[in-house]
Amino acid sequence: MNDLLIGLVLIGVVFVGGVLLFNWLQERRFRRQADAAFQPPAADPLMPGEAPARVAPQRIEPARQEPVFDAATDAPHRPAADPEPQSAPAADALSARAPLTGVPPAPYDELIEYRVRISGDAMPAGLFADAFNQTRGLGKAVRWSGYGAGAADWESLQPWREARYQQVLVTLQLADRNGAVQEEQLAALCSLLQDLSQSHGLRVVCDDSGDALERAQAIDQFCVDVDVLIGLNVVARGEGAIDLARIVREAEDRGMVLGADGVFQLLDSRGEPLYVLCNHDAEPFVIEGIEGQVSQGVTLQFDVPRVPDGLKVFDSMVAFGRKLANDVGGLLVDDNLRPLTDSGIEKIRGQLMQIYERMEARGVPSGSRRALRLFS
């Protein structure tokens, strides 16, 4: 076989092989297309329990449903928890009732109060007389408010009045200077009002006690951290003594008034003390027969969280303390009997600024109504 023949044979083999390979590749491609065309989708929207893939929505925190009872009566606040199991029937009846329209916000402070809501038809104020008296023994401040049909606003419920209400709100303060409310106190209030409501066919909803206890502990810890009493002392030098008659005259000139407890107070326009002046000795201040009386010293006291515009009041108290010390020949000292220098005063001022910033951030401005309730 010559070279030409061998070359032609090889060319033929290559050509045939190429045709076979091309046909195989084409067949494979067509098979894939057919399979894809008739294969069912990975997620059939008509099949139960499956859904087509989609972009996840923005996450929304779950919110507990607020009873219809106060949908039109309460100011915006964190939603209350679902009623406790024992009050579920009352809550169901309450939710089925259409919300009242045109009712102003109820007098409820979410930060510092626990809430019980009662509704009925023309409830007389006297109906709550026994419960009203019993809640006085709970150990925390309780507020009673009522809203009557067609009334312009909520009013303080007084059981001896001739009044009728369609809504009653009872709130229990969660903390004060005696500490945080206890679970037993919340349970006692809720149980008392549930029993009353069941006896008279009323509807009642108690807020979640667990949430209230958490808030009570948080606000109590905050109060402990900022509850500060600042004292400045004017003391005699060496073995000397301070003329109390001079002190009394200076206090009166300052506009301070003497209380029944023998303590001078500088009052604001509300009648609340800005700061007080008391005698170091056990004897209280008196007006009659003060001439000739002496003492080892006197103290100016400033109740930090209860005073509005506290830095200004502190500066005023410091100025008055320095004047007293100068007029009676004494020394202005701190509670450790160390002389108060300008740097010492500025240090106290800096600490006060930090306290007031914390109170503002917490929503309890110093001297505000909320502060006066908590620090009582």
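For the structure, see preceding data.
Below or above, wherever it landed, is the structure these notes cover. Quantities reported herein were computed from a predicted structural model and do not represent experimental measurements. (Residues numbered from 1 in each chain as written. Predicted model: local features only at pLDDT ≥ 70, side-chain atom pairs only at ≥ 80, totals over all residues. Heavy atoms only, no water.)

**A word on the state of the cysteines**
Phase 1: All told, the structure shown has one disulfide when counted by the stated rule.
Phase 2: Between the sulfur atoms of Cys190 and its disulfide partner Cys206 the distance amounts to 2.0 Å. When the S-S torsion is 105°, as for the bridge of Cys190 with Cys206, the disulfide is right-handed. Here Cys190 is found in helix H4 (residues 183–199), whereas its partner Cys206 is found in strand S7 (residues 203–206), with 16 residues between them in sequence.
Phase 3: Among the residues examined, Cys206 registers a relative accessible area of 1% and is labelled buried. (Disulfide = S-S within 2.5 Å. Helix = DSSP H or I, 4+ residues; strand = E, 2+ residues; numbered from the N terminus. Buried < 20%, exposed > 50% of the residue type's maximum accessible area, 1.4 Å probe, protein only.)

**Topic: the packing of aromatic side chains**
Phase 1: A full pass over the atoms with the stated rule returns seven aromatic pairs.
Phase 2: Plain terms: the ring middles of Phe302 and Phe314 are 6.3 Å apart, the flat faces sit at 35° to each other, and that makes the pair tilted. Here Phe302 is found in strand S14 (residues 297–303), whereas its partner Phe314 is found in helix H7 (residues 310–328), with twelve residues between them in sequence. Each member of the pair Phe302 and Phe314 is classed as buried.
Phase 3: An aromatic cluster of three or more residues is present, and its members are Phe128, Phe132, Trp144 and Trp160.
Phase 4: In this arrangement the basic side chain of Arg115 is found over the ring face of Tyr108, its NZ or CZ atom lying 4.3 Å from the centre.
Phase 5: Above the plane of the ring of Phe222 lies Arg362, whose end atom (NZ or CZ) is 5.6 Å from the centre. (Phe/Tyr/Trp six-rings, centres within 6.5 Å; stacked < 30°, edge-to-face > 60°. Lys NZ or Arg CZ within 6 Å of the ring centre and 35° of its normal.)

**Concerning unusual backbone geometry**
Residues apart from glycine generally show negative phi values, whereas peptide bonds are mostly found in trans.
Phase 1: Phi is positive for Ala122, close to 50°, though the residue is something other than glycine.
Phase 2: Within the secondary structure layout, Ala122 lies in strand S1 (residues 113–124).
Phase 3: A positive phi angle is found at Asp309, which is not glycine, with a value near 50°.
Phase 4: In this structure, Asp309 sits in the loop between S14 and H7.

**So, the sheet that holds S14**
Phase 1: Taken together, six strands build an open sheet; the order of strands is S10-S11-S12-S14-S8-S15 and the sheet is antiparallel. Since the sheet does not close on itself, it has two edges, and those belong to strand S10 (257–258) and strand S15 (331–333), each with one partner.
Phase 2: Of the pairings in the sheet, the one linking strand S8 (residues 229–235) to S14 comprises seven bridges and is antiparallel in character. In the sheet register, Leu229 faces S14, and the bridge partner there is Asp303. (Pairing = 2+ DSSP bridges.)

**Side note on the nonpolar core**
Phase 1: Formed by 50 residues in total, the largest nonpolar core has its most connected members in Tyr275, Leu277, Phe302, Phe314 and Met359.
Phase 2: For this core, the element with the most residues is H7, which contributes eight residues.
Phase 3: Once residues within four sequence positions are removed from consideration, Phe302 is found in contact with Val228, Leu229, Ile230, Leu274, Tyr275, Val307, Gly310, Val313, Phe314, Met317, Leu352 and Tyr356.
Phase 4: Grouped together as the second largest cluster of nonpolar side chains are 31 residues, Met123, Leu157, Leu196 and Val204 included. (Core = buried A, V, L, I, M, F, W, Y, C linked by side-chain atoms within 4.5 Å. Contact = heavy atoms within 4.5 Å.)

Purely geometric numbers; function is a separate question.
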